[in-house]
Amino acid sequence: MSSYCPTSLSYMAQAFNELNDGELKKVVGVFVSVDPKRDTFELLDEYVDYFHPNFIGVTGKPEEIAKAAKLYGAQYYEVELKDSAFGYAVNHSAATYLIAPDGELRFIFPHGTSPEVISEAIRYVLEGK
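Keep in mind that what you see is a predicted model, and the values were worked out from it rather than measured.

A. Examining the overall build of the protein more closely. Per the secondary structure count, the protein includes five helices and six strands. Taken from N to C terminus, the helices and strands of the protein fall in the order α-α-β-α-β-α-β-β-β-β-α. In summary, the protein has a C-alpha radius of gyration of 15 Å against a globular reference of 14 Å for 129 residues, a match within 12%. Put simply, the protein has 129 residues, and 31% of those count as buried. Here the analysis covers contacts within the protein between residues at least 6 apart in sequence; of these, 53% occur between residues at least 24 apart. Counting only carbon and sulfur atoms, one obtains 56% of the accessible surface of the protein, whose full area is about 8,200 Å².

This is the structure in structure tokens:
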């Protein structure tokens with residue numbers, strides 16, 4: 001499995017834990033893998049389940065991932081790891097995106113944004129603002 005930033009997923013889970021049941025029914029956390037060579041849907045589901053039941057893990061064909069990354073300005077690339085059983089790592093940007101139900105990108109949270117800020121933004125979007 002690729003190296004994911006568990007800190008970002010942990011913060012997102014903490015933000016989700018601050019939401020009430022009604023709010024939770026309206027949100028889903030989507031973790032997008034940029035390493036489709038190693039990450040299967042089963043591995044991703046298992047990984048994100050460690051963090052929160054409202055999270056799903058997705059991946060796709062390299063061209064699909066590239067298209068989605070470009071849409072949101074995310075960047076990633078493979079780096080060869082000589083003398084490693086892994087063979088390569090995937091370096092990537094580390095932002096969290098809040099997308100409204102209509103598909104509009106509403107907020108981009110830099111790595112390390114507090115769970116309180118994320119949950120406040122989720123509520124703001126859920127209120128239709």
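B. Molecular detail of the side chain of Ser 119. Within the element layout of this structure, Ser 119 appears in helix 5 (residues 115-126). Ser 119 sits in the buried class, given a relative accessible area of 1%. Engagement of the side chain of Ser 119 in a polar contact is seen with the backbone oxygen of Glu 116, the distance being 3.1 Å. With near-sequence residues (within four places) excluded, Ser 119 lies in contact with Ala 15, Glu 18 and Leu 19.

C. Representation of the packing of helix 1 (residues 6-17) against helix 5. Between helix 1 and helix 5, the least distance of the axes is 8 Å, while the angle of their chain directions is 55°. The orientation of helix 1 relative to helix 5 falls into the category oblique. Considering how the two elements wind past one another, helix 1 and helix 5 form a crossing that is right-handed. Where helix 1 approaches helix 5, its residues Tyr 11, Gln 14, Ala 15 and Phe 16 are matched on the opposing element by Pro 115, Ile 118, Ser 119 and Ile 122. Residues belonging to the contact of helix 1 with helix 5 are distributed by class as follows: six nonpolar, two polar and no charged.

D. Main features of helix 5. Given a rise of 1.5 Å per residue, 12 residues ought to cover 16 Å, and the 16 Å separating the end C-alpha atoms of helix 5 matches this to within 8%. On its buried face, helix 5 is in contact with helix 1, strand 5 (96-99) and strand 6 (105-109). Positive phi shows up at Gly 128, right after helix 5, with a value of about 80°.

E. Molecular detail of unusual backbone geometry. Here Asp 83, not a glycine, exhibits a phi torsion of approximately 60°, which is positive. Here Asp 83 lies in the loop between strand 3 (76-80) and strand 4 (88-92).

F. Expanded view of the side chain of Ser 33. Along the chain, Ser 33 turns up in the loop between strand 1 (29-32) and helix 3 (41-49). Polar side-chain contacts of Ser 33 include one of 3.0 Å to the backbone nitrogen of Asp 35. Reaching out from Ser 33, the side chain makes a polar contact with the side chain of Asp 39 at a distance of 2.4 Å.

G. Highlighting empty space enclosed by the protein. Counted according to the given criterion, the structure contains one cavity of 30 Å³ or more. Roughly 50 Å³ of volume is contained in the largest cavity. Taken together, Ser 8, Tyr 11, Met 12, Ala 94, Thr 96, Phe 109, Pro 110, His 111, Gly 112, Thr 113 and Ile 118 make up the lining of the largest cavity. Here the lining of the largest cavity gets three residues from one element, more than from any other, and that element is helix 1.

Cut-offs and rules
- Residue positions within a chain follow its written sequence, with the count starting from 1.
- Where local features are concerned, this predicted model is filtered to residues with pLDDT of at least 70; where side-chain atom pairs are given and counted, the filter is 80 or more; whole-chain, interface and lining totals use all residues.
- To obtain the side-chain values, all non-hydrogen atoms of the structure were used and water was disregarded.
- Only DSSP runs of H or I reaching four residues or more are called helices, and only runs of E reaching two or more are called strands; each is numbered from the N terminus.
- Radius of gyration: C-alpha atoms only; globule rule: 2.2 Å multiplied by the number of residues to the exponent 0.38.
- Accessibility here uses a 1.4 Å probe with only protein chains present; expressed as a share of the type maximum, an area under 20% marks a residue as buried, one over 50% as exposed, and anything in between as partly exposed.
- Only heavy atoms matter for contacts: two residues are in contact if any of them lie within 4.5 Å across the pair.
- Note on areas: Shrake-Rupley with a 1.4 Å probe; residue coverage comes only from the protein chains shown.
- Pairing of N or O atoms within 3.5 Å defines a polar contact, subject to two protein rules: one partner must be a possible hydrogen donor and the other a possible acceptor, and residues neighboring in sequence count only if both atoms are side-chain atoms.
- Axis angles are defined between N-to-C directions and span 0 to 180 degrees, where every axis is a line fitted to C-alpha atoms and, for a helix, only to the segment in contact.
- Should an angle fall under 35 degrees it is called roughly parallel, over 145 degrees roughly antiparallel, and 65 to 115 degrees roughly perpendicular, with every other angle called oblique.
- Here a crossing is taken to be left-handed if its near helix is turned anticlockwise relative to the far helix by less than a right angle, and right-handed if that turn runs clockwise.
- Basically, the charged four are Asp, Glu, Lys and Arg, the nonpolar ten are Ala, Val, Leu, Ile, Met, Phe, Trp, Tyr, Cys and Pro, and anything else, Gly included, counts as polar.
- Every helix has an expected span of 1.5 Å times one less than the residues it contains.
- Throughout, the protein atoms alone are placed on a 1 Å grid, and a set of points is a cavity if a 1.4 Å probe fits but cannot get out or a pocket if it is open with protein on both sides within 12 Å along at least five of seven lines; lining residues have an atom within 4 Å of a point.
- Grid points are joined across faces, edges and corners, and a volume is the space filled by probe spheres set on the points.

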